[in-house]
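# Coordinate inspection notes
Chain by chain, the residues:
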Amino acid sequence: MNPTTTSLTYGTYLRLPQLLGQQLPLAPAAHDEHLFITVHQVHELWFKQLLVELTDARDRMLAGENAVAVRRLRRCREIERALLDALTLLDTMAPDDFREFRDALGTASGGQSAQFHEVEALSARRDHRTRSMRWLTAAERARLDRRLLEPTLWDGFLAAAADLPRAGRPAAFLGEGPLGELADALLGHDEGWALWRARHVRVVERQIGKGPGTAGSSGAAYLRERSGERFFPELWEARGAVL
């Protein structure tokens, strides 16, 4: 018997002392900063799991294992629902409560989430300019640069549809066969991410209105501009192409 497993506890397996020691408010007198930190740390944990699932979904599509890819993508849709629920917690914070610690954030901004950009790069979006992202650590830059060179989820889907003539794609994307299921699962991920983006805009507007965001960003205006983007426009267009 492995001696390391005989002495394993719930706390040591999950590394709870390390995990629970990472909520360190910079303005201790501000009650809601702890919530703010926790919600964003939870986001990063779910982003990490999304990257695990999306990477495997892409690899499964490239390997022709589409049924497994569908299961992975459906799990991603549930993770995105959990992300929406996490955002809702920020609505319990009044604007005055946010202002109590906002200055402590300094140059930090949610737009600096490297994993957020990795999810977008892995899905389909490839307009990232990592050299202009001066806030990236060396490790984060290396990860994102690697993502930008890897096949995307869309590449994986095109590999799955490689034997299909382009003219026949819309009908196949909507069908009940394996390709239709895969297209629907990809749309679920796309929709889940778009809903999270739209909800994020409302959370920001509720806290700061049309004012500037942290780290000199334009705040809700920039987020609103991006909220209409889609990872897989061809799949959305297919919904109307066969009517």
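Because the structure is predicted, anything quoted here is derived from the model rather than measured. (Residues numbered from 1 in each chain as written. Predicted model: local features only at pLDDT ≥ 70, side-chain atom pairs only at ≥ 80, totals over all residues. Heavy atoms only, no water.)

## A few points about the pattern of salt bridges
The final tally for this structure, using the stated rule, is 18 salt bridges. Here Arg-99 makes a salt bridge to Asp-96, at a shortest N to O gap of 2.2 Å. Residue Arg-99 and its partner Asp-96 are located together in helix α6 (residues 95–102), separated by three residues, close to a single helical turn. Of the residues examined, Arg-99 reaches a relative accessible area of 51% and is grouped as exposed. For Asp-96, a relative accessible area of 49% corresponds to the partly exposed category. Salt-bridge contacts for Arg-147 lead to Glu-118; the nearest nitrogen and oxygen are separated by 2.8 Å. Of the two residues, Arg-147 is situated in helix α8 (residues 138–149) and Glu-118 in helix α7 (residues 114–123); the sequence distance between them amounts to 29 residues. Since its relative accessible area comes to 12%, Arg-147 is described here as buried. Judged by relative accessible area, which is 2%, Glu-118 ranks as buried. (Salt bridge = Lys/Arg side-chain N within 4 Å of Asp/Glu carboxyl O. Helix = DSSP H or I, 4+ residues; strand = E, 2+ residues; numbered from the N terminus. Buried < 20%, exposed > 50% of the residue type's maximum accessible area, 1.4 Å probe, protein only.)

## Thoughts on unusual backbone geometry
Positioned with a positive phi, Arg-15 is a non-glycine residue whose angle comes to about 55°. Looking at the secondary structure, you find Arg-15 in the loop between α2 (10–14) and α3 (16–20).

## Structural notes on α8
An ideal rise of 1.5 Å per residue puts 16 Å on twelve residues; α8 measures up with 17 Å between its terminal C-alpha atoms. Along α8, the residues that are buried comprise Arg-141, Leu-144 and Arg-147. Along the axis of α8, the buried residues cluster in a sector spanning 125°; they form a single face. When the buried face of α8 is taken as reference, the exposed residues oriented beyond 90 degrees from it are Ala-138, Ala-139 and Leu-149. Check the buried side of α8 and you find it contacts α4 (33–62) and α7. (Expected span 1.5 Å × (residues − 1). Arc of directions from axis to C-beta. Contact = heavy atoms within 4.5 Å.)

## Digging into the packing of aromatic side chains
This model, assessed by the stated rule, comprises 13 aromatic pairs. Residues Phe-47 and Trp-193 carry aromatic rings whose centres are separated by 5.7 Å and whose planes lie at 55° to one another, so their mutual orientation is tilted. Note that Phe-47 is positioned in helix α4 and Trp-193 in helix α11 (residues 178–208), a separation of 146 residues in sequence. The class of Phe-47 is buried, set by a relative accessible area of 3%. (Phe/Tyr/Trp six-rings, centres within 6.5 Å; stacked < 30°, edge-to-face > 60°.)

## Quick notes on the nonpolar core
In terms of nonpolar packing, the biggest core is built from 47 residues, with Leu-50, Leu-54, Leu-73, Leu-153, Phe-157, Leu-186 and Leu-235 touching the most fellow members. With eleven residues, the top contributor of residues to this core is α11. One finds Ala-114, Ala-121, Met-133 and Leu-144 within the second-largest nonpolar core, a separate group that totals five residues. (Core = buried A, V, L, I, M, F, W, Y, C linked by side-chain atoms within 4.5 Å.)

## Side note on the side chain of Gln-115
Counting through the fold element by element, Gln-115 comes out in helix α7. Here the side chain of Gln-115 touches Glu-44 through a polar contact of 2.8 Å, landing on its backbone oxygen. If near-sequence neighbours (up to four positions away) are discounted, Gln-115 is found in contact with Glu-44, Phe-47, Lys-48, Leu-51 and Arg-143. (Polar contact = N/O pair within 3.5 Å; in protein donor to acceptor, adjacent residues only side chain to side chain.)

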